[in-house]
There are 6 protein chains.
Amino acid sequence: MRIKLINPNTTERMTLAMDRCAREVASTGTQIISVSASMGPPSIEGYYDEALASLALLQEIEKGEKEGMDGYVIACFGDPALYAARELSRGPVIGIAEAAMHAASVIAPSFSVVTTLKRTCTMSWHLAERYGMKRFCKNVRATDVAVLDLDIPGSRARSIIIEECRKALAEDDAESIVLGCAGMAEFCHEIEDAIGAPVIEGVTTAVKWAEALIALKLRTSKRGDYARPLAKQYDGALAPYSPGKPR
Amino acid sequence: MRIKLINPNTTERMTLAMDRCAREVASTGTQIISVSASMGPPSIEGYYDEALASLALLQEIEKGEKEGMDGYVIACFGDPALYAARELSRGPVIGIAEAAMHAASVIAPSFSVVTTLKRTCTMSWHLAERYGMKRFCKNVRATDVAVLDLDIPGSRARSIIIEECRKALAEDDAESIVLGCAGMAEFCHEIEDAIGAPVIEGVTTAVKWAEALIALKLRTSKRGDYARPLAKQYDGALAPYSPGKPR
Amino acid sequence: MRIKLINPNTTERMTLAMDRCAREVASTGTQIISVSASMGPPSIEGYYDEALASLALLQEIEKGEKEGMDGYVIACFGDPALYAARELSRGPVIGIAEAAMHAASVIAPSFSVVTTLKRTCTMSWHLAERYGMKRFCKNVRATDVAVLDLDIPGSRARSIIIEECRKALAEDDAESIVLGCAGMAEFCHEIEDAIGAPVIEGVTTAVKWAEALIALKLRTSKRGDYARPLAKQYDGALAPYSPGKPR
Amino acid sequence: MRIKLINPNTTERMTLAMDRCAREVASTGTQIISVSASMGPPSIEGYYDEALASLALLQEIEKGEKEGMDGYVIACFGDPALYAARELSRGPVIGIAEAAMHAASVIAPSFSVVTTLKRTCTMSWHLAERYGMKRFCKNVRATDVAVLDLDIPGSRARSIIIEECRKALAEDDAESIVLGCAGMAEFCHEIEDAIGAPVIEGVTTAVKWAEALIALKLRTSKRGDYARPLAKQYDGALAPYSPGKPR
Amino acid sequence: MRIKLINPNTTERMTLAMDRCAREVASTGTQIISVSASMGPPSIEGYYDEALASLALLQEIEKGEKEGMDGYVIACFGDPALYAARELSRGPVIGIAEAAMHAASVIAPSFSVVTTLKRTCTMSWHLAERYGMKRFCKNVRATDVAVLDLDIPGSRARSIIIEECRKALAEDDAESIVLGCAGMAEFCHEIEDAIGAPVIEGVTTAVKWAEALIALKLRTSKRGDYARPLAKQYDGALAPYSPGKPR
Amino acid sequence: MRIKLINPNTTERMTLAMDRCAREVASTGTQIISVSASMGPPSIEGYYDEALASLALLQEIEKGEKEGMDGYVIACFGDPALYAARELSRGPVIGIAEAAMHAASVIAPSFSVVTTLKRTCTMSWHLAERYGMKRFCKNVRATDVAVLDLDIPGSRARSIIIEECRKALAEDDAESIVLGCAGMAEFCHEIEDAIGAPVIEGVTTAVKWAEALIALKLRTSKRGDYARPLAKQYDGALAPYSPGKPR
């Protein structure tokens, strides 16, 4: 099966890191096709970044439909344009926050999210709410580490994050940690080893969740909200994005 | 004061109709500046349309900041990109669904939303939830009237909508009606007269709500989520949208 | 238009202060008619005070209907007898807590309420719940300043309140402050200047919200709960309060 | 022990009927002291009636404290002024809606409320919410029987109510019925026999719940909201209602 | 009337202590029949203990039906197998957590639970949720006192619990305390005296609540979920537990 | 990896059917070990059946830990004893209702559950609530088909179920169906073909979800509630079930 992993930001080295993580967990027979956004923000740290990142993301989904993808992973913890992507897609589309929260709710009575910037904390609460996961979410904690500092060699980012995870266990009584940024994917096991409690990372979880749904032959329902966008002609510079007839 | 009313779709005659409605209720001294999206979908009937409409909408907000606007009305019942718009804006930004639901909750114990397409019903429920208005919302009812048919002379659209409003009163025990589409603005009083119960329409309500907040010198909080987007350079075709430094 | 601002307590100097605030924000053409309760508690600091304050308040609404008022503001943060007032009134009736919370939810992702006595905190939570605003309310904070000390010259009341607002920003991560007592109306801008974040005060907000709804010709729905009270003869000393036939 | 049963309306024959019901279930050693409101509405059918009924009700609580009552039952399904009454009382104060809903939630997975007027349905939903009983409440059904018609000989009121209870079982899948009006107390067993499912009536349930709490020596907490009203001098005609110092 | 109090653990001295508490509050004419589980865990401190304790508990209910019991109290704060017990029983079955939370919600605006082990805190939150009492529950606090240490003479258990109750009042702003373990029943008044706020203990409260419901002739609804288990033959060692035909 | 699929009832032919379904979707390298309960109810149709089924189920988990299982699927739609099972297990334990609801929430905006007996509908609502899936669940529909009739050749069970699924789409506006009984696993694709909308079946979904979590090396958190049961000696006939020391 073919799963397209879309990094909705343009930072290629994040895409490569996520691709490595994804391949490591993918089953034999699963092909991971990872792409970065072709334009837009190099990191997504607020609603405006998110709105602007949607364009390239949706383009990649639409392209993926022609390429015969079986499913998609949206690889940014804000799960941008998830519902719009589902309108375009025949197969399942999974957000990494969605996948991580689902998994956390299975293996632990609760979780805390440890994320980067304080200004994105409300976004994580919104996600927890829309997935029904608010009841499992003890807290959303910011570290004020910038997304793009996460993999700078010698940066203190990792130790700051580990410290915050420890606080989440001690102060929130959380029994597991959800990492609130795709950029943290590669340190997941390092953090887990450091804190001694399950740490759930969305990229790999979403890949496996997608594999599962595809294997089950489950596809996005085309009744109601997730039906193919109505065919219409868009105006001006966005004309190329006009939704055509459902295939 | 200057309020910019942004129709996030490109259909000029809808913008003109909304402009007429807005001017009719605006106070002396309030200047209404109505604009249509410069590109994108001619009507917004799903998540994909909404995501694509955000681009021109946010452009208009950013332009508005330079033009010295005091506040904004997002004139589409889905309130697209509302939070992103608030990041850009110093003054208040109000969605028409938000304004209509607030008003309905003041003048009646509950409301039902009467909207166009069934596929957008869940979107209205999501809005009701995020504004805290779910407890007042008895039902969301689709008429399966297309947005752009609403003002076609001789179309049955109006009588279908009036009929659905009557059903909402009778079957849902709703005590008021919220019109779930900006395109219905001009018929608001006609519907109210026909059904004998308050009918709330978002465009005019949002204009008055914006006027009120601006008169109170209330501005979008720049702490937390609605802070100005972090300054960064966007890549590729979206480079012109890069958020600059806060002014 | 004519808006009656009813202070449900008997303290004239609070009424005068609120009247000043209201007039300052009222549009040209809006007449503010401010009255104090003709009897009952000089301050409202609990459920019993509130229940007893309802009598004079409802009397003023009923009188207002004869005087041709277009709408009403109930100027006490507990929004006493709001639904009963709506039964009597043809135009909109707005509580100051309701108005303040609505406004806060538009200009900021969340708010904390800063109020006077600890014993009224649960009351504020109840209000937040019934208006659907609980999801925006980070905290309700008491200062244990007595209502009637607020405007005593040289009292420490103001600095205590400013201090508590600062704590709300820092400890609750609230992005705005709702002042939880009508008596704080006059210091609103002073507090805002001191803390550097939006401070919402209910009296002025309710006046503008009322103006907006009246301009929109929205009136209290007479279907369901807010229908005119059933005409009946009350017994004994309360006979003069008997609800007559709807006009 | 001495339990004061307060009918907050002035209709003596309802009080007598409730007194008979109460005495029938009271334990040996429990003295039931039933009183009607000394003034105000003869029936409570809306928010205004309820607000006006509070005066006499609270007077009776305050008097009861001097008479040495051990607890109180507020015998109107709207549970008017319950929290204010608790401020005045040392012993427990129980509303009949509260008691009936608690009991229903113990003996059945859910209940439907069958009440009199449609305009009071929202009030019942509010009660269910504030007692945490919304999750057990399948529906609130109006019969549009007037409160004071309930015991008119030969009236069709009873058969209408029985019919509505049957519908609640069949259409709502409710497993029990809560009678939504104190005036229905005497027909409780008649209805139960007719429909073959548990029917819970608040007057008797509240009496037994009060007995239980009094026997357990549980008293209203005087910390927080239910503390004795602050001592203060009320103005004008309400001066006699001024809350004095806690005893 | 005959109420069977079932201690679902096997520790006889806890049963005896609860029996003493129950008899102290029981009305004349109420017979308390207290039994310990005939097999299973000596204390219930987690989900596994709880599942295993269900067997003997349900056996005692089934036996009770033959003995002609009028109602049951499940005397463990987790209220194990409550719904299954209701399927078997004709009369009311009450859990001690359920009863305590109901009572607390009547006499105080909120409560905190003070329990034994941290690992059972989520269980208490689940209970609060299923009874609709979450809105009254400020906190669930663990003392890490083992259930069976509670009555060891000279143990520090009591002073640790009193200390935690004090913290609940001060830090949670709770106005009452619910004791989260049947083993604390005997110290209830001692704790109340020490902290000066209402302390609710479930064993005695459940006994009185059961008495009340039985006196009201309320029985478990046999419609829907709580209907008698379908008659069927169980396999193997559990054959003796096969549910027979409803009597 | 080795996944143990536990049918908590004793009906071997259901276990075999589920085993066939499970093997069909399992990845190469996944070993499915399916077992029936060694004792207890042949079908689970209520709380009592569920409580009694827990014993054999937990025994199989404990055995599985010694057999070196990597994870477990509890193959009954009530997800009996799920939390207790997690206390015993090191690897993930997944309920089929939990897995099916998670999957449905990814591929569709909402689902309706179609189950067997009316008396189990509330149980499904409880499950939806505890997994946070209530917001996605439009309805729970009973067919009053008995579990063990599902695979009787020539029974009308299948057509009744298909009919109910169709109603769910039409009347509930559900966009997908969750099958509410493990016994329906084998007809999943048949139903999907008949109704033309996604049908989610828990057994296969749980197997894939388990595979995913195990591949991700996620294990049940041993902090908090799901920690190994405290080691203690059980009494009487249940002594063999005494939880020993964590391994």
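Residues numbered from 1 in each chain as written. Chains lettered and ligands numbered in written order. Predicted model: local features only at pLDDT ≥ 70, side-chain atom pairs only at ≥ 80, totals over all residues. Heavy atoms only, no water.

A. Molecular detail of the side chain of Ser221 of chain C. Inspection of the secondary structure puts Ser221 of chain C in the segment after helix H8 (202-215). According to the relative accessible area criterion, Ser221 of chain C is buried, its value standing at 0%. Setting aside chain neighbours within four positions, we find Ser221 of chain C in contact with Ile107, Ala108, Glu175 and Pro198 of chain B together with Tyr226 and Ala227 of chain C. (Helix = DSSP H or I, 4+ residues; strand = E, 2+ residues; numbered from the N terminus. Buried < 20%, exposed > 50% of the residue type's maximum accessible area, 1.4 Å probe, protein only. Contact = heavy atoms within 4.5 Å.)

B. The arrangement of the sheet that holds strand E1 (residues 2-7) of chain F in detail. Residue and element names in this part refer to chain F. Strand order in the open sheet formed by four strands is E2-E1-E3-E4, with parallel pairing between adjacent strands. The open sheet has two edge strands, strand E2 (31-36) and strand E4 (93-95), and neither has a second partner. The mean angle between the axes of side-by-side strands here comes to 20°, regardless of whether they run parallel or antiparallel. The sheet contact formed by strand E3 (residues 71-74) and E4 spans three bridges and is parallel. Within E4, the residue paired with Ile74 across the bridge is Gly95. The strands touched by helix H4 (residues 96-107) are E3 and E4; relative to E4, the strand with the most contacts, the crossing angle is about 75°. Sheet strands touched by helix H8 (residues 202-215): E1, E2, E3 and E4. Its angle to E1, the strand with the most contacts, is close to 150°. (Pairing = 2+ DSSP bridges. Axes fitted to C-alpha atoms, helices over the stretch in contact; angles between N-to-C directions.)

C. Broad picture of the relation of the copies chain F and chain A. In the superposition of chain F on chain A (RMSD 0.0 Å, axial shift 0.0 Å), the rotation amounts to 180°. In short, the pair behaves as if placed about a two-fold rotation axis. Scanning chain F for the C-alpha nearest the rotation axis identifies Gly132 of chain F, at a separation of 2.2 Å. (Least-squares fit on C-alpha atoms with pLDDT ≥ 70 in both.)

D. Geometry of unusual backbone geometry. Unusually for a residue other than glycine, Asp173 of chain A sits at a positive phi of about 55°. Inspection of the secondary structure assignment puts Asp173 of chain A in the loop between helix H6 (157-172) and strand E7 (177-179).

E. Structural view of the packing of helix H1 (residues 12-25) of chain C against H8 of chain C. Residues and elements named next belong to chain C. One way to put it is that H1 packs onto H8 with a least axis distance of 9 Å and a crossing angle of 45°. With respect to H8, the element H1 is oriented oblique. The interaxial crossing formed by H1 with H8 has right-handed handedness. Of the residues in H8, those in contact with Met18, Cys21, Ala22 and Val25 of H1 are Val203, Thr204, Val207 and Lys208. Taken together, the residues of the contact of H1 with H8 break down into six nonpolar, one polar and one charged. (Parallel < 35°, antiparallel > 145°, perpendicular 65-115°, else oblique. Left-handed = near helix turned anticlockwise from the far one by under 90°. Nonpolar A, V, L, I, M, F, W, Y, C, P; charged D, E, K, R; others polar.)

F. The arrangement of the sheet that holds strand E2 (residues 31-36) of chain B in detail. All names here are of chain B. Pairing within the open sheet is parallel, and its four strands lie in the order E2-E1-E3-E4. Two strands lie at the open edges of the sheet, namely E2 and strand E4 (93-95), each paired on one side alone. Averaged over all adjacent pairs, the angle separating strand axes in this sheet is 20°, with direction ignored. Sheet topology places strand E1 (residues 2-7) next to strand E3 (residues 71-74); four bridges connect them, and they run parallel. Along E3, the bridge assignment pairs Ile3 with Gly71. On the sheet, helix H4 (residues 96-107) packs against E3 and E4 and is oriented at approximately 75° with respect to E4.

G. Expanded view of the pairing of strand E2 (residues 31-36) of chain A. All names here are of chain A. Bridge analysis of strand E1 (residues 2-7) against E2 gives six bridges, and the strand direction is parallel. What sits directly across from Arg2, in E2, is Gln31. Once you follow E1 into helix H1 (residues 12-25) and on to E2, the crossover reads as right-handed. (Right-handed = clockwise from strand over helix to strand, strands pointing away.)

H. The arrangement of the state of the cysteines in detail. All names here are of chain A. Scanning the model with the defined rule gives zero disulfides over all chains in all. Note on Cys76: no disulfide assigned, nearest cysteine sulfur contributed by Cys181 at a separation of 7.4 Å. Between Cys165, a cysteine without a disulfide, and Cys188, which holds the nearest cysteine sulfur, the sulfur-to-sulfur distance is 9.4 Å. Of the residues examined, Cys165 reaches a relative accessible area of 0% and is grouped as buried. (Disulfide = S-S within 2.5 Å.)

I. View of the interface of chain F and chain A. Each side of the interface is counted separately: chain F has 47 residues, and chain A has 47 residues. Of the roughly 3600 Å² buried where chain F meets chain A, counting both sides, 68% is carbon and sulfur surface. At the junction of chain F and chain A, the tally comes to ten residue pairs in polar contact (both at pLDDT 80 or more). Of all the elements in the fold, those that place two or more residues in the side of chain F that touches chain A are E4, H4, helix H5 (121-130), helix H7 (188-195), strand E8 (199-200) and H8 of chain F. Of the residues assigned to the side of chain F that touches chain A, the class counts are 26 nonpolar, nine polar and twelve charged. (Buried area = accessible area lost by both parts, 1.4 Å probe. Polar contact = N/O pair within 3.5 Å; in protein donor to acceptor, adjacent residues only side chain to side chain.)

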